[in-house]
Structure formats: C-alpha cells, structure tokens
Amino acid sequence: MPGGLRNPLSVSHMLEQLGDAVHNVKNKRSSLTQKMGELGFSIPYVDISIQFIGASGLPKMDVVGTTDPYFVAKLDDKISFVSTVQQNTLSPVWNEIWRLKNVPATADLVIKVMDKDEGELTDDFIGTASMSVSAGAKEAEIHGPLFKRLRGTFWVKIESTPAVDEDPTVHPYLFNGPIRFSRHFSPTVGALTNLNDARLYSTWKMYIMGVPLFFGDVHQHWNRNYKAAQSIFQGPTSFAVRSGIQAGHRMLYARTPKNGFGVIEDTAGIMQVLHNGASRPGANGSQFAHRVKPAVYTYIISSEDDSFRFSETGAAFFVDFASKHALHSNCCETVRYSGEFHPRPEGGWQNFSDDIPDDAVKWELVIDNNSGTYSPDKALLPALKALLEFNFPGFAIFALDHDDEELKKSREACRAYALKFRGVRQEDLQPHAQVGEETLSHQAAAQLQAMENEETEEKE
C-alpha cells in the first residue's frame, strides 16, 4: 500500500477489507464496460482530465492532531493515481490533475481516502467515494468501512472529449500527464548530524507518459544467469533476502508530508530535478546548488505502474543490499527497463566550464542498460530513446549499450568533473555508510522484526 507497509492483522486493514467485501457483495456484477462488451454493444471511448479538488468533513483519525489525508484513485482497477499527503487537516485541498486517453465512457472512478500514520506500519482507512467519468463538477460522499457510514465529501471536476486515437482499444487507460514526481528521503538521513548532502539519501519516483506506446507488452525478466539476482529470486534463502529488500523499498518510498513533490512542465523542470542541491559542510559544492550535478543515476522503469524510479548510483541507502535495481523495483520479477543514466552538456563534461550558465547550454541525457539484475535487451534501446524524447523533448537523448565505449568515456568524464570541480569525494561515487551510521538495510531488518513481534502478540 502506498505510504506504508500494510499489516494484514491490523484493525484498520481488516476494516478496509471488510468494507471492500461489503461493496463487492452489494455490487456483485460485472462492470458496465465488461457487460456491454459481452453483449456486443459498441462502447464509446473518451479522453479525460480529472481535477481532484479536495474533500471536507473528514473524521479525526489521530489522538494527537487531526488527520493527514491522501487518496488513491483507480479507474476500473486498471490504472491508479496516488495523491500528495496533506498534513493535519479535515478539509484537504489537492487540486491535482490526472489526464488519461482512451477511457471507456462507462468507466468507474473509485477514490480511496487514507490517513497517513508516519512511523507506523500501517495507514488508517477513512473511506471510499465512487463516481462515473462523465463530464462535470461532482460531489461524492465518502463512505466508511462499516455500514457505509458517511465520512465526508469529495469534490472532483472532470473534462471529457471523444477519444482522438483511431482505435482506442489498442492502448486503453493510457496515462497522458502531467508528468508528476515525488522525492523521497531515506529514513537514515534524519539520524545524521554532520551531513547536509540529502541527494545521497534521496530517490525519485516520476510518472512518465506513453510507456505502452513504446514498449507494448514487453517486460524484462530478472537475469537467471546473474548471481546476485539468483540470491533474490530463487533458492531456499531468497524469501528472506526479498523480504529485507522489500522492507527497505517501503521505507525508502514511503509517502509522507516530508516528501518533495512537483510537476515537470518543460526542460527547466527536469533540470531542477537534476540540480546539485545542498552539499557537505566545508565543500565548495554549495555554490552549485542550483546547477545540474554531474552524477550517475541508477534507474528502473517499473512493470507495476510504469513509473521512472532513480537515485544517484552512490546513494548511501544501497549499502548491504544485494541489488540496487531490485531495491528500486521492490523485487518485482520484471521491469520495463533498467540501467544507469547521467546528464551532460552538449560536447561532454570534458569540454564544459562552470563559467557557462546552465541555461546557455544544450543538455543531453545519456542512458543505458547497465543492469545485471535484469540485463535488459539492447535491441530495445531505440524504444527507450523514443520514450524519453517523448517525455523530455528539450533534451537530446543518447541510449547506449553498457559495453559501448562512448558510454564509458562519457560516464567517466561526468565523474571526473564532479571530483575535480564540484567537491564530490571519491567515496561518494559508490554506496558507503558514514562512521556510526545506521544503514537502511539495518532499519529494514528491525522493521521486519517489529512486524513479526506484533503479529505474534495479536495471535496470542
């Protein structure tokens, strides 16, 4: 569940499941879309823009404070949208936009409202609002899990036009923007007192457009010939290895009010994501906080939700995990694609000078298939290039095989510039822990143990 690990024995989770069961019994029928298709009726398709305005009248869920609401919206259980967390309010305002192409006009929009419990294993379920995707301003009641008790009101505005694709059934429920991202901080960053470089403790999750258009239904399976992948996905100890990585993933990608959120609208937007940020005290990198950082990133494009997830390859939270890419993918057996990427100015970092303003340079993104865990097919590099050009039209995209000499030279030039001119240390290029630092893997193991203890106590 977004925002936290769902303990199947928690009261909130059981109430949520009970509410879903009651809803399913009451609506024990095929969806209207499915039924019309079975009867041979032609189903009209629409392109829609959904504005999630806000909610009011939410119940107080916390002993201290009120409620920290967020929501998960789904269209026919085919595609989902997860909102930001609004802190300490019973009347949250989101005004977040979700655009989709090729949606059946008969589709159902279901919005599940949750209360974020930071630091807890589970989030509280508030209730569910449902509506059609017909155009107009809508006001829907939020019903709780038991006896569909009223728990507030949700407001939505939907714009709808006939689908423009010649055959909308080829790519139904196609995400069409805007490109949203969230920046997540490893919980270990809060325990540090002598470090200010939060980038090495950050990961990004970006919802990009059109993945099915370029990859179709092709996914990259984990590499059965890679020893680290074998330890995760097969063998008697693999379950324990996966559990630890998945616990780390949940902690790393937890959705909290402290996350950074944004929308990529132009080239400047993606450049800001790639900015250097704050640096270590005493380093000369602080003057480059608002400049593109010469850094190499580890990435995956998820099979679960087509999101683009990445962090610096030297991120501290990778320490002691069997696979960087598996940590990002939540140990999913497949990804759409994976590897590394780095930004560079036109002509390469070896020909760059910090005397040149970033906005006076044409920027390029060099991306590859350097992933032992999934070993992506290099034949799909042109599709990867086209996908990123579709999403980031202001960047020149170079998609190169991991053995390409041009890639190796470009990557090394990037790192060399960071070391020589940006105050980056050699040890920052690879995952490492500070002296006395508790690693994410250690915290994940502790969380797993706490959950096991809780389950044991509830059974007793």
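Since this is a predicted model, take the numbers as computed values, not measurements.

What counts and how
- Residues numbered from 1 in each chain as written.
- Predicted model: local features only at pLDDT ≥ 70, side-chain atom pairs only at ≥ 80, totals over all residues.
- Heavy atoms only, no water.
- Helix = DSSP H or I, 4+ residues; strand = E, 2+ residues; numbered from the N terminus.
- Buried < 20%, exposed > 50% of the residue type's maximum accessible area, 1.4 Å probe, protein only.
- Contact = heavy atoms within 4.5 Å.
- Areas by Shrake-Rupley, 256 points an atom, 1.4 Å probe, with all protein chains shown as cover.
- Pairing = 2+ DSSP bridges.
- Core = buried A, V, L, I, M, F, W, Y, C linked by side-chain atoms within 4.5 Å.
- Expected span 1.5 Å × (residues − 1).
- Polar contact = N/O pair within 3.5 Å; in protein donor to acceptor, adjacent residues only side chain to side chain.
- Arc of directions from axis to C-beta.
- Salt bridge = Lys/Arg side-chain N within 4 Å of Asp/Glu carboxyl O.
- Phe/Tyr/Trp six-rings, centres within 6.5 Å; stacked < 30°, edge-to-face > 60°.
- Lys NZ or Arg CZ within 6 Å of the ring centre and 35° of its normal.
- pLDDT = per-residue confidence, 0-100.

(A) Broad picture of the overall build of the protein. Secondary structure assignment for the protein yields 10 helices and 18 strands. Burial statistics for the protein: of 460 residues in total, 54% are counted as buried. In the protein, once contacts between residues fewer than 6 apart in sequence are set aside, the share between residues at least 24 apart is 71%. A total of about 20,900 Å² of accessible surface is found on the protein, and carbon and sulfur atoms cover 52% of it.

(B) Spotlight on the pairing of strand β4 (residues 93–104). The pairing of strand β1 (residues 45–56) with β4 spans eight bridges and is antiparallel. The residue bridging Gly 54 from the neighbouring strand is Val 93, located in β4. Across two bridges, β4 lies against strand β9 (residues 174–175) in antiparallel orientation. Following the sheet pairing, Leu 100 is matched in β9 by Phe 175.

(C) Molecular detail of the nonpolar core. Counting residues in hydrophobic clusters, the biggest one holds 72 residues, and the most contacted among them are Phe 52, Leu 75, Trp 98, Leu 109, Ile 111, Phe 154 and Met 206. Discounting chain neighbours no more than four positions away, the residues touching Phe 154 are Phe 52, Gly 54, Ala 55, Phe 71, Trp 94, Ile 111, Val 113, Ala 129, Lys 138, Glu 139, Ala 140 and Ile 142. Of all hydrophobic cores here, the second largest spans 22 residues; its members include Ile 300, Ala 326, Val 335 and Ala 444.

(D) Examining unusual backbone geometry more closely. In this structure, the amide linkage connecting Gly 177 to the following residue, Pro 178, adopts the cis form with an omega of -10°. Structurally, Pro 178 is set in the loop between β9 and β10 (179–185). Its identity as a non-glycine residue notwithstanding, Asp 306 has a phi of 60°, on the positive side. For Asp 306, the location among the structural elements is in the loop between β14 (297–302) and β15 (307–312).

(E) Helix α9 (residues 405–421), seen in detail. The end-to-end C-alpha distance of α9 is 24 Å, a good match for the 24 Å that 17 residues give at a rise of 1.5 Å each. Among the residues of α9, those classed as buried are Leu 407, Ser 410, Arg 411, Ala 413, Cys 414, Arg 415, Tyr 417 and Ala 418. Those residues of α9 that are buried are in contact with β16 (334–345), β17 (363–368) and β18 (396–400). Near the N-terminus of α9, the side chain that reaches the backbone nitrogen of Glu 406, with its oxygen 2.8 Å away, is that of Asp 404. A positive phi of about 75° marks Gly 423, the residue just after α9.

(F) How the structure looks around the pairing of strand β5 (residues 108–115). The buried fraction of β5 amounts to six of the eight residues, a majority that puts the element mostly inside the structure. The pairing of strand β2 (residues 69–75) with β5 spans seven bridges and is antiparallel. The partner of Pro 69 across the bridge, within β5, is Asp 115. Of the strand pairs in this sheet, β5 and strand β6 (residues 124–132) are connected by eight bridges, and their pairing is antiparallel.

(G) Structural detail: helix α8 (residues 381–391). When we look at burial in α8, the residues that qualify are Leu 381, Ala 383, Leu 384, Leu 387, Leu 388 and Asn 391. Taken down its axis, α8 places every buried residue within 155° of arc, on the same side. In this fold, the buried residues of α8 make contact with β10, α3 (211–215), β14, β16, β17 and β18.

(H) Main features of the pattern of salt bridges. As enumerated under the stated definition, the model contains 19 salt bridges in all. Glu 304 serves as the salt-bridge partner of Arg 309, at 3.4 Å between the closest nitrogen and oxygen. Look at Glu 304 and you get partly exposed, because its relative accessible area is 48%. Residues joined in a network through salt bridges with shared partners are Lys 205, Glu 304, Asp 305 and Arg 309.

(I) Looking closely at the packing of aromatic side chains. Taken as a whole and judged by the stated rule, the model has 26 aromatic pairs. Ring geometry for Trp 204 and Phe 310: centres 5.7 Å apart, planes at 10°, overall stacked. In this pair, Trp 204 sits in strand β11 (residues 202–207) while Phe 310 sits in strand β15, placing the two residues 106 residues apart along the sequence. With respect to burial, Trp 204 and Phe 310 carry one shared label: buried. Chaining the aromatic ring pairs together yields one cluster made of Phe 52, Phe 71, Phe 81, Trp 94, Trp 98 and Phe 154. Just above the ring of Tyr 253 sits the side chain of Arg 309; from NZ or CZ to the centre is 5.9 Å. Its guanidinium or amino end placed over the ring of Phe 288, Arg 422 lies 4.4 Å from that ring's centre, counting from NZ or CZ.

(J) Highlighting the side chain of Thr 67. Assignment of secondary structure puts Thr 67 in the loop between β1 and β2. According to the relative accessible area criterion, Thr 67 is buried, its value standing at 0%. When residues no more than four places from it in sequence are discounted, the contact partners of Thr 67 are Pro 59, Lys 60, Met 61, Asp 62, Gln 86, Gln 87, Asn 88, Thr 89, Leu 90, Asp 115 and Ile 126.

(K) Spatial organisation of the environment of Ala 360. Among the structural elements, Ala 360 can be located in the loop between β16 and β17. With relative accessibility at 56%, the residue Ala 360 sits in the exposed group. The spacing of Ala 360 and Pro 345 is 15 residues in sequence and 9.9 Å in space, taken between C-alpha atoms.

(L) Structural detail: the environment of Gly 127. Counting through the fold element by element, Gly 127 comes out in strand β6. Taking relative accessible area as the criterion, Gly 127 reaches 0% and is therefore assigned buried. Once residues within four sequence positions are removed from consideration, Gly 127 is found in contact with Ile 111, Lys 112, Val 113, Ile 142, His 143 and Gly 144.

(M) Local environment of the confidence of the model for the protein. Of all residues in the protein, 83% have pLDDT values of 70 or greater, and the mean over the chain is 86. Low pLDDT, under 50, characterises residues 21–30; the predicted model gives this stretch four contacts beyond four residues in sequence or across chains. Confidence drops under pLDDT 50 across residues 279–283; counting only partners more than four residues distant or on other chains, this segment forms 12 contacts.

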